[in-house]
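# What the coordinates show
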Amino acid sequence: MASIIRHELVDAQVEVLRLYLEKQSTERLLESLDRLIACTRASFREEEALMQAFTATPDIAHRDLHNAVLAQLELLRSHALEFDRGRLLAQLILVDRQLNSHISDAAQIPLRRPREQLAECEAIASIVAEGQAHH
């Protein structure tokens, strides 16, 4: 079961690639990258909150993976103006593949849990989303 945050993340990914392919202005591409970064952060926060709800020990390696993907996105954003179109596309594809792989892996986890735990996950995700909306 995908969350609203996950749908926003996928939509942001598609938008970045669409703007690139349509050769939109650099400003629009940068705004789109900002949205992608924000959506990625929100999705990772939600995922980490759900993981924390199911285990007493945080998964440091998984959090490090999140941080690495975010760092790569930030690097892409900060150097987007310096890259030629070919290098920019290569970086966009690399980040897109990492996010797609991560989304795919994360989407499989709830399918392995009993219905009661899924309901609890959704309740926690809702609480997390409400808390983020107030910040």
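Residues numbered from 1 in each chain as written. Predicted model: local features only at pLDDT ≥ 70, side-chain atom pairs only at ≥ 80, totals over all residues. Heavy atoms only, no water.

### Looking at the overall build of the protein
Put simply, the rule reads: Numbering of helices and strands runs from the N terminus, with a helix taken as a DSSP run of H or I at least four residues long and a strand as a DSSP run of E at least two residues long. The contact criterion used is simple: two residues touch if any of their non-hydrogen atoms lie within 4.5 Å. Per-residue accessibility takes into account occlusion by the displayed protein chains alone, with areas from the Shrake-Rupley method and a 1.4 Å probe.
Of regular secondary structure, the protein possesses five helices and zero strands. The linear arrangement of helices and strands in the protein, starting from the amino end, is α-α-α-α-α. A sequence separation of at least 24 residues applies to 72% of the contacts in the protein between residues at least 6 apart. Total accessible area on the protein is roughly 8,300 Å²; 56% of this is exposed by carbon and sulfur atoms.

### A short note on the confidence of the model for the protein
Rules: For every residue, the predictor assigns a confidence score, pLDDT, that lies between 0 and 100.
When the pLDDT values of the protein are averaged, the result is 78; 75% of them are 70 or greater. Helix α5 (residues 115-133) is the least confidently modelled element of the protein, averaging 57 in pLDDT, while helix α2 (residues 26-54) averages 89, the highest of any element. In the model, residues 110-114 has pLDDT below 50 throughout and makes four contacts with residues more than four positions away in sequence or in other chains.

### Comments concerning the packing of helix α1 (residues 4-21) against α2
Spelled out, the test is: Only the contacting stretch of a helix is used when fitting its axis, a line to C-alpha atoms as for every element, and angles between N-to-C directions run 0 to 180 degrees. Roughly parallel here means an angle under 35 degrees, roughly antiparallel means over 145, roughly perpendicular means 65 to 115, and every remaining angle is called oblique. For any pair of crossing helices, the crossing counts as left-handed if the nearer helix is rotated counterclockwise from the farther one by less than a right angle, and right-handed if it is rotated clockwise. Classification used: nonpolar for Ala, Val, Leu, Ile, Met, Phe, Trp, Tyr, Cys and Pro, charged for Asp, Glu, Lys and Arg, polar for all others including Gly.
At their nearest, the axes of α1 and α2 sit 8 Å apart, and the two run at 155° to each other. What the angle tells us is that α1 and α2 run roughly antiparallel. Considering how the two elements wind past one another, α1 and α2 form a crossing that is left-handed. In this structure, α1 contributes I5, R6, E8, L9, D11, A12, Q13, E15, V16, L19 and Y20 to the contact, and α2 contributes R28, L29, S32, L33, R35, L36, C39, T40, A42, S43, E46 and E47. Residues that form the contact of α1 with α2 fall into these classes: eleven nonpolar, four polar and eight charged.

### Let's talk about unusual backbone geometry
With a phi angle near 55°, K23 is a residue other than glycine that sits in the positive phi range. By the secondary structure assignment, K23 is in the loop between α1 and α2.

### So, empty space enclosed by the protein
We apply this condition: Residues are said to line a cavity or pocket when one of their atoms sits within 4 Å of a point; the points come from a 1 Å grid over protein atoms alone, cavities being sets where a 1.4 Å probe fits but cannot get out and pockets being open sets with protein on both sides within 12 Å along at least five of seven lines. Grid points are joined across faces, edges and corners, and a volume is the space filled by probe spheres set on the points.
Throughout the structure, instances matching the rule amount to one cavity of 30 Å³ or more. Each pocket or cavity is described by its volume, and for the largest cavity that value is around 50 Å³. Surrounding the largest cavity, Q13, V16, L17, L33, L36, L73, L76, L92, V95 and D96 form its lining. At the level of elements, α1, α2, α3 (60-79) and α4 (85-111) are the ones that each hand at least two residues to the lining of the largest cavity. Here the residues of the lining of the largest cavity sort into eight nonpolar, one polar and one charged.

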